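# Residue-level structural notes
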Amino acid sequence: MKNILFIPFFLLMFAAVAQTPDTLTPETKTNYFINQIKGKSLSYLPDFSLSNSLKAVSQMAAGRVPFLTMDEVRAGKADGAKTVQITDKGREGIFVYNPVDSISVSIGDSAMVIKSGGRVYIRNAEVINVKWFGAKGDGIADDTEAINKAIRYGKDVFIPQGIYLTSSAIILRGDIQITGSGKTTTKILANHSGDAMKWIGTGGSTTGSGYARNVILKDFAIQGNDTTASGIHFRWAFNWYISNVQVTDCINGFYGDSSGFFWRFVFVMTEAISCVNGYDFSLNSAMEAVPVSMIHPTARSCSGYGMIIRKSFVAFNISGGEFNSNGTGIGLFGAATKAVSIVGASFENNTTGIVIGDATDSPQINIQSCRFMAISPITGKKAIQIVKGKVKISYCTFNDFDSAISIATNATGVTVEPTSVYNVTAYITHNSLVYNDSNTSYLFTSTFVSSRSATELKVNSVVANSATINGKVTINSTTSGIVPPRMTTAERDNISPMEGEEIYNLTLHAKQFWDGTVWKTITTE
């Protein structure tokens, strides 16, 4: 059976090769044909529709697909063919006759449309290659207009391996996917002032033209040339996915500015290197970003912040990532910034790992399972600095710091769970006091500090089973008093009291204390 199937396949391939021009080598003819059979692309046939390509295969096998240059098609040498294979280097591909009235078909760019007398041929491609529009990718020629034309024309744009010099910004739009061959092989070299790539919308309805919706950027690098401009700048944007994109040498690697609004953003394996701020996310104070997810972002060698989050952010999640050798790893600011989660990230050799400058008290900011390390000299270096905000720190590791966690007086509701500490001068500083027991859990408010070793302690919500309060405690109230544990005599007899422990006995309606031997009733007599 296999032999029976192989014979017609071989004959089909032979027929197609036999019909190709003599100017093509037998190997090239065969590769063209095999490429059609597989429905895949080689370097000279970047992308095309499988269904139309299969039609082209049958026409090729019947000898009806001429191999021509674009100029030859324009000169009428297609001779009425419904499909032509263009052989111009860098613009190779299948063009299909469009039977509609030629007046209604755009013929503004020969990369996609060829006019031959009264006939119009349109490139059969779902993915648009910027080289079809004249981009060189040699790091010398100006490729700005070619890339922008490709973006204006198609919804799926491919930037192959190369260095693409630009003299002005690449302008993004909605409903677009731009893909390179990888952040180490496809580079956009911005040889100009101003943003390298941008969308600056006008706002209004999220379904209107003032928003850029459904944007995918992946697998390329941007190298800036201006420390006052951004790598990728967005304003009034909705539902973006940015993956495996690297930005270097800009004031902001990735910048969402405060003049607009953006939401439903996902960043995956993005990198900001040698910028002032790697990621700078700001919002108009009347807006909120919901949600923003970052999966293993990298910020390295940024003189300001690896990442700075300003103003109104809700549900901002950072999972993994590396924030190394920055001024500050991550800065959280703005009274409306809340529900931020930082889990599993690494902070190494920053002056300060995380600064929480002016965050809201609720809901809290969670910092969990993160690793903080400084490099000598450690004097003045902090892992986490909390000026204001409700924060929970748990299961983190701190290596080589002058102060691991610094908590200001007005930082209310800061919880620190047991952590791992190595070569740290002061584990926690609060109100000029130092707490160095990393095996103890702490709750810090503006007026007191509570600590525990084994059982959970929460204030105003859950009564602790056991707690030790260090230092002077002042409780101020004009509306309520202090209520000790209340229980019956039978319930009292089932506990194991400590000497001095007090209760209120509901059976006797009296306060009692354990003197180390028996329960004694406290009387006024």
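Heads up: these notes are all about the structure in this document. The residue numbering used here restarts from 1 in each chain and proceeds along that chain's sequence as written. Only residues with pLDDT of at least 70 get local features here, since the model is predicted, and only at 80 or more are side-chain atom pairs given and counted; chain-wide, interface and lining totals rely on the full set of residues. Side-chain numbers here rest on the full set of heavy atoms in the structure, without hydrogens or water.

Once that is clear, we can look at the overall build of the protein chain. Numbered from the N terminus, helices here are DSSP runs of H or I no shorter than four residues, and strands are runs of E no shorter than two. Helices and strands together make up the secondary structure of the protein chain, namely six helices and 41 strands. Every one of the 525 residues in the protein chain was classed for burial, and the buried ones make up 48%. Should any heavy atoms of two residues lie within 4.5 Å, those residues are counted as being in contact. Restricting to contacts in the protein chain with at least 6 residues of sequence separation, those with at least 24 account for 56%. Accessible area of the protein chain: about 24,700 Å², with a carbon and sulfur share of 52%. Buried means the residue's accessible area, taken with a 1.4 Å probe over protein chains only, is under 20% of the maximum for its type, while exposed means over 50%, and partly exposed covers the values in between. All accessible-area figures derive from a Shrake-Rupley calculation using a 1.4 Å probe, and residue coverage is judged against the displayed protein chains alone.

Two aromatic rings are characterised by how far apart their centres lie and by the angle between their planes. When the centres of two rings from Phe, Tyr and Trp lie within 6.5 Å, Trp using its six-membered ring, the rings pair. Their planes under 30 degrees apart give stacked, over 60 give edge-to-face, and anything left gives tilted. With the rule as written, the count across this model stands at 20 aromatic pairs. Aromatic pair Tyr-211 and Trp-236: ring centres 5.7 Å apart, planes at 75 degrees, arrangement edge-to-face. Note that Tyr-211 is positioned in the loop between β13 (197-200) and β14 (212-235) and Trp-236 in the loop between β14 and β15 (237-256), a separation of 25 residues in sequence. Judged by relative accessible area, which is 6%, Tyr-211 ranks as buried. Relative to Phe-316, the ring of Phe-281 lies with its centre 5.8 Å away and its plane at 45 degrees, an arrangement referred to as tilted. Placement of Phe-281 in strand β18 (residues 277-281) and of Phe-316 in strand β22 (residues 314-319) is noted, with a sequence separation of 35 residues between them. A residue is classified by how much of its surface remains accessible, and Phe-316, at 1% relative accessible area, is buried.

Look at Asp-79: it is not a glycine, yet its phi comes out positive at around 55 degrees. Relative to the assigned elements, Asp-79 resides in the loop between α4 (70-74) and β2 (83-86). Taking the relative accessible area as the measure of exposure, Asp-79 reaches 71% and is therefore exposed. Even without glycine at this site, Asn-214 takes up a positive phi of about 55 degrees. Mapped onto the fold, Asn-214 is located in strand β14. A relative accessible area of 36% places Asn-214 in the partly exposed class.

It is worth spelling out the nonpolar core at this point. The set of buried Ala, Val, Leu, Ile, Met, Phe, Trp, Tyr and Cys residues whose side-chain atoms join them within 4.5 Å is what this entry labels a nonpolar core. Of all hydrophobic cores here, the largest spans 90 residues; its most connected members are Leu-217, Trp-240, Ile-367, Phe-372, Ile-393 and Phe-398. If we ignore the near neighbours within four places in the chain, the residues touching Ile-367 are Ile-342, Ile-354, Ile-356, Phe-372, Ile-384, Val-391, Lys-392, Ile-393, Ser-394 and Cys-396. Grouped together as the second largest cluster of nonpolar side chains are ten residues, Val-73, Ala-78, Ile-86 and Tyr-121 included.

By themselves, these observations are geometric and do not establish any function.
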